[in-house]
Amino acid sequence: MAVTALDPRTALVVIDLQAGIAAAPVQPHSGADVVARSARLAEVFRERDLPVVLVRVSFAADGADAVPGRTEAPRAGGARPEGWDVIVPEMAGNAGDITVTKHNWGAFHGTDLDVQLRRRGVTQIVLTGIATSIGVESTARAAHEHGYHVTLATDAMSDMDAEAHTGSVRRIFPRLGETGTTEEILELLAKTHG
């Protein structure tokens with residue numbers, strides 16, 4: 001097991017498990033599996049009075065708050081379907097959860113995520129979500145730069161491209177924190193936060 005420790009104030013941070021993203025075709029884990037594993041982690045975090053943060057990405061209807069700048073990749077055009085940015089039902093509905101709305105890949109830039117975590121004394125985050133190489137990796141990088149201990153639940157995340165997922169898990173994440181499966185993280189939670 002690569003996950004060695006969970007701090008007394010560890011938060012679960014769930015990236016973009018919302019209607020328009022969780023339903024997308026992803027690899028190597030299905031969106032349904034990512035949601036189910038993230039929901040299980042959230043349940044256990046809540047039972048132990050540890051913070052659960054639900055991050056969603058959303059933009060104004062006219063796209064005015066979307067990230068500017070030239071890229072080689074085509075941008076998604078047109079209006080998004082109604083409700084695409086709504087957190088999936090399996091994750092939503094807990095009054096104690098923190099919801100953060102982002103307008104970038106990562107959950108720290110331009111949001112109050114860092115303030116929300118620090119005010120609760122959080123020193124470590126466990127990350128899940130979609131997409132591994134985009135929102136999850138960007139958030140992990142920023143968390144590392146902000147001085148948080150980072151743990152990545154590698155079977156509770158997925159990507160539109162299996163190679164991108166594997167590249168993040170094998171090459172990037174070991175430089176940002178520790179990786180483990182949902183079950184490994186749950187076992188460690190039971191030992192340290194019994």
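You'll find the structure just up there.
Residues numbered from 1 in each chain as written. Predicted model: local features only at pLDDT ≥ 70, side-chain atom pairs only at ≥ 80, totals over all residues. Heavy atoms only, no water.

(A) Region of interest: the overall build of the chain. In terms of regular secondary structure, the chain is built from 6 helices and 6 strands. Overall size of the chain, expressed as C-alpha extent along the three principal axes, is 50 × 35 × 30 Å. Counting across all 194 residues of the chain, residues that qualify as buried make up 46%. Long-range pairs, those at least 24 residues apart, make up 84% of the contacts in the chain with a sequence separation of at least 6. Working note: accessible area of the chain is about 9600 Å², and carbon and sulfur atoms make up 51% of it. Looking at charge distribution, the chain has the averaged site of its 18 positive side-chain charges lying 4 Å from that of its 25 negative ones. (Helix = DSSP H or I, 4+ residues; strand = E, 2+ residues; numbered from the N terminus. Buried < 20%, exposed > 50% of the residue type's maximum accessible area, 1.4 Å probe, protein only. Contact = heavy atoms within 4.5 Å. Areas by Shrake-Rupley, 256 points an atom, 1.4 Å probe, with all protein chains shown as cover. Lys, Arg positive; Asp, Glu negative; His and termini not counted. Charge placed at Lys NZ, Arg CZ, Asp CG, Glu CD.)

(B) View of the packing of helix α2 (residues 31–47) against helix α6 (residues 182–192). Close contact between α2 and α6 brings their axes to 10 Å; oriented N to C, the two are set at 5°. Here α6 runs roughly parallel to α2, going by the angle between their axes. Taken together, the residues of α6 that come into contact with α2 (itself represented by Arg37, Arg40, Leu41, Val44 and Phe45) are Thr182, Ile185, Leu186 and Leu189. Grouping the amino acids of the contact of α2 with α6 by side-chain chemistry returns 6 nonpolar, 1 polar and 2 charged. (Axes fitted to C-alpha atoms, helices over the stretch in contact; angles between N-to-C directions. Parallel < 35°, antiparallel > 145°, perpendicular 65-115°, else oblique. Nonpolar A, V, L, I, M, F, W, Y, C, P; charged D, E, K, R; others polar.)

(C) Highlighting helix α5 (residues 162–176). With 15 residues, α5 should reach 21 Å at 1.5 Å per residue; the first-to-last C-alpha distance of 20 Å fits that figure. For α5, the set of buried residues is His165, Gly167, Ser168, Val169, Phe173 and Leu176. The N-capping residue of α5, defined by a side-chain oxygen 2.7 Å from the backbone nitrogen of glutamate 163, is aspartate 161. (Expected span 1.5 Å × (residues − 1). Polar contact = N/O pair within 3.5 Å; in protein donor to acceptor, adjacent residues only side chain to side chain.)

(D) Geometry of the nonpolar core. Judged by nonpolar contacts, the single largest core of 32 residues is most densely connected at Leu12, Leu17, Phe45, Met91, Ile185 and Leu189. Contributing elements (two or more residues each) for this core: β1 (10–15), α1 (19–22), α2, β2 (52–57), β4 (124–130), β5 (149–158) and α6. Looking at this core, the element that brings in the most residues is α2, giving 7 residues. Ignoring sequence-local partners within four residues, the contact set of methionine 91 consists of Val14, Leu17, Val35, Ser38, Ala39, Ala42, Arg46, Leu54 and Asp97. (Core = buried A, V, L, I, M, F, W, Y, C linked by side-chain atoms within 4.5 Å.)

(E) Representation of the packing of aromatic side chains. Under the definition given, this model contains 1 aromatic pair. Pairing phenylalanine 108 with tyrosine 148 gives two aromatic rings, centres 5.9 Å apart and planes at 35°, and the pair type is tilted. Taken together, the positions of phenylalanine 108 in the loop between β3 (98–102) and α3 (113–119) and tyrosine 148 in the loop between α4 (132–145) and β5 put the pair 40 residues apart, joining distant regions of the chain. Judged by its relative accessible area of 4%, tyrosine 148 falls in the buried class. (Phe/Tyr/Trp six-rings, centres within 6.5 Å; stacked < 30°, edge-to-face > 60°.)

(F) Structural detail: α4. Across its 14 residues, α4 extends 18 Å between first and last C-alpha, which sits within 8% of the 20 Å expected from 1.5 Å per residue. When α4 is considered as a whole, its buried residues turn out to be Thr132, Gly135, Val136, Glu137, Thr139, Ala140, Ala142 and Ala143. On the buried face of α4, the contacting elements are β1, β3, β4, β5 and α5.

(G) Geometry of the environment of serine 38. Tracing the backbone shows serine 38 in helix α2. Through-space distance from the C-alpha of serine 38 to that of alanine 153 is 8.7 Å; in sequence the pair is 115 residues apart. Residues contacting serine 38, with those up to four places away along its chain left out, are Leu12, Val14, Leu17, Met91, Thr128 and Ala156. A polar side-chain atom of serine 38 sits 2.9 Å from the main-chain carbonyl oxygen of valine 34.

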